[in-house]
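A structural walkthrough
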Amino acid sequence: MIHLANVSKDYLTDTDSVFSALKEVSLTIKRGECISIVGPSGSGKSTLMHIIGLLDKPTKGTVSIEGKNIAHLSDDELSKLRSQFVGFVFQQFNLINKLTILENVMLPALYARKALPFEAKSRAMELLTRFGIADKAKSYPNKISGGQQQRTAIARALMNNPKLILADEPTGNLDSKTGKEIMRLLTSLNKKESLTVIIVTHDPTIASRTKKKIHIRDGRLV
Amino acid sequence: MNGIIFALRSAVEDFGRNKLRTLLTSLGILIGVSSVVLLMAFGLGLKKYIENQFASLGTNLLRIVPGKILEGGSFRAGGPASLGGIKFDIKDVQSLEKISQVEYVLPVFSKSTTVDIGKRSELADIYASSADIFKGLNLKAAYGQIFTKSDVDKHAKIVVIGPKIAKKLFMYEDSAIGKNIKVEGQNFRIIGVLKAKGGGFGGPDLDSFLYMPYTTAMVFNPEKTFIALVVKTTDNANVAQIKKDINNRLLRRYNEDNFSVIQQEELLSAIGQIFSIMNLVLVSIAAISLVVGGVGIMNIMYVTVTERIKEIGIRRAIGATKRDILTQFMTEAVALSLFGGIMGLTISFLIVLGVQRFFPAYIDTMTITIALVVSSVIGIVFGVLPAKRAADLSPIDSIRYE
Ligand SMILES: Nc1ncnc2c1ncn2[C@@H]1O[C@H](COP(=O)(O)OP(=O)(O)O)[C@@H](O)[C@H]1O
Ligand SMILES: [Mg+2]
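Here's what I pulled together on the structure shown here. Source: prediction; values computed, not measured.

Structural notes on the pairing of strand E8 (residues 180-183) of chain B
All names here are of chain B.
- Residues of E8 alternate between two faces, with Ile-181 and Val-183 buried on one and Asn-180 and Lys-182 left unburied on the opposite face.
- Note that strand E4 (residues 102-117) and E8 share 2 bridges and pair antiparallel. In the sheet register, Val-115 faces E8, and the bridge partner there is Val-183.
- Where E8 lies against strand E9 (residues 186-194), 4 bridges are found, and the strand directions are antiparallel.

Have a look at this one:
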């Protein structure tokens, strides 16, 4: 489904030297896999995830989605692909604070321009109900717990029926009990709906919950 | 479309969160829009008022005045040429009355003077003419009666007075009837008080005049001349032809530059032109404050964009295109500007309502439309650069922004 070939990502640092966050990374992700990307802080996990999620482009190497090289896609095409293909879950939840929980979940559907507002609303309510936070639909993000916010973020990620869920340290801001619940939720998405799920983490115990593990250190797969 | 509604909602919510900032930002637009709207309202009101004043003077009237006043349809630059150079006399009246389709010719003599009734004295204007003056100017008696042709022929020492001066002198209009009034030492009997015509702003104040037969008024007018003549034409008259005839007859006695024959409509359009130009100048000056308001909006929109880089990153990550982000911030800028515009309009309405009793200000739908369109356009023009900057932010840098 996704193939990275010799992907490198260089950053220009403050001292005008080049820093390679990713070095010659090649990997293949198949449909329905559940993978964790494990490595210490600063090893390049987020960079890799952003490239897989089409938020960033590599300095060198190619990224193909369903066999198609994305290097030549326009900004609009990439936006559309992000909207339909990927759902992101972040460590800091990244909900929009001035929108309600329901509106946050509906937002991807509005940008995708596929569903009518009432359809988007009923799908969003369905997801919220499934994750046990339907009663929070009219609340604002800063009024609910971290676990509830992360559930909201997962609901938002699922809104447009993506093929791939990318979760960057999804339990990093949660206590261990809540973290476990969120992990269970993510892995169940893979099992029950055969969604491809990639979980980025520095925590080996979290990583142990996925079948496949990719280890990364200093920008290289190990 | 859904996107815009959503963006609008989130913009309005944002405004609610930053009430003071929103108010201060839209203050520039508010001031600009209210000054433009008020100037237009006052200009329009004044124009309408003067038009009404003239219209109430009666129709089918041609005015003959000394000097050249109009040139090519507008007021002559540098004022009338040789104003006061000539005065008309009874021979002109008789000569013009011979023109076919002329119903009557009113001689007009007027003089500012003081009048008194024993202990009270007031400033007043004498307006002397023939008995047809009341028909010509659409004046009717409220109490007593107006003077007649025979009064004019007899040089009767009588006056018909306007309601304003009647109130000033006698408190109650009807108590003026039959009383004597002294004008420059001469006694006149008041035989009538006119119905109020209203006005007195910009146009002649017909309610304050003392009307008397022009024959009687000769005592104040030893030269027996008139400052103007008013020609009443029949209803279906060929006005252009009559004007030509009047010109020809007057040219036998006077030079071309020494008099003007003016049709009501010409005067109206000339006045209208002056108001349009005056208003345009004032409105343009007021429009500068709109630009200042626009710059304020641009400034605050740049701040908003910087504050919300992370939010922009999140939106891009979940599928927003550059265009979606552009629309969102443009919507906000327009909403901000339109908010200022609507506030400005509201305040203008209140002010116009407040001054209504003293000044005939008037806000028409055109003014409202202009105010709303202009404030939207300002939002677009000054919102586009900040919105473009927001749209052009790289998704990855934005989502990583802390
Ligand atoms: N925009 C950037 N400019 C320069 N260096 C960056 C930038 N983004 C990330 N880095 C660096 O790249 C390395 C990898 O970052 P990241 O992928 O976030 O690591 P991880 O997610 O594994 O903690 C880090 O050392 C980080 O400082
Ligand atoms: Mg990271």
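What to know about the side chain of Ser-208 of chain B
Residues and elements named next belong to chain B.
- Note on placement: Ser-208 falls in the loop between E9 and strand E10 (209-213).
- The class for Ser-208 is buried, based on a relative accessible area of 18%.
- Look past the residues within four positions of Ser-208 in its chain and what remains in contact with it is Asp-125, Lys-164 and Ile-165.

Considerations on a positive patch on the surface
- Residues Lys-180, Arg-184, Lys-191, Lys-192, Arg-209 and Lys-211 of chain A make up a contiguous surface patch of positive charge.
- Following the sequence through the fold, Lys-191 of chain A ends up in helix H6 (residues 176-193).

Some words on the site of ligand 1
- Neighbouring ligand 1 are Tyr-11, Phe-19, Ala-21, Pro-40, Ser-41, Gly-42, Ser-43, Gly-44, Lys-45, Ser-46 and Thr-47 of chain A together with Arg-400 of chain B.
- Per-site note: the chains with residues close to ligand 1 are chains A and B.
- Residue Gly-44 of chain A places a main-chain N or O atom 3.0 Å away from an oxygen atom belonging to ligand 1.
- Ser-46 of chain A has a polar side-chain atom sitting 2.7 Å from an oxygen atom of ligand 1.
- Within the complex, 68% of the 560 Å² of free accessible area of ligand 1 lies under protein.
- Of all the secondary-structure elements, those providing two or more residues to the shell around ligand 1 are strand E2 (18-29) and helix H1 (45-52) of chain A.
- Element by element, the count of residues in the shell around ligand 1 is highest for H1 of chain A, at 3 residues.
- Of the residues that constitute the shell around ligand 1, the class distribution is 4 nonpolar, 6 polar and 2 charged.

Parameters at a glance
Residues numbered from 1 in each chain as written. Chains lettered and ligands numbered in written order. Predicted model: local features only at pLDDT ≥ 70, side-chain atom pairs only at ≥ 80, totals over all residues. Heavy atoms only, no water. Buried < 20%, exposed > 50% of the residue type's maximum accessible area, 1.4 Å probe, protein only. Helix = DSSP H or I, 4+ residues; strand = E, 2+ residues; numbered from the N terminus. Pairing = 2+ DSSP bridges. Contact = heavy atoms within 4.5 Å. Patch = residues over 30% accessible without salt bridge, like charges linked within 9 Å, V, L, I, M, F, W, Y side chains within 5 Å. Areas by Shrake-Rupley, 256 points an atom, 1.4 Å probe, with all protein chains shown as cover. Salt bridge = Lys/Arg side-chain N within 4 Å of Asp/Glu carboxyl O. Lys, Arg positive; Asp, Glu negative; His and termini not counted. Charge placed at Lys NZ, Arg CZ, Asp CG, Glu CD. Near = heavy atom within 4 Å. Polar contact = N/O pair within 3.5 Å; in protein donor to acceptor, adjacent residues only side chain to side chain. Nonpolar A, V, L, I, M, F, W, Y, C, P; charged D, E, K, R; others polar.

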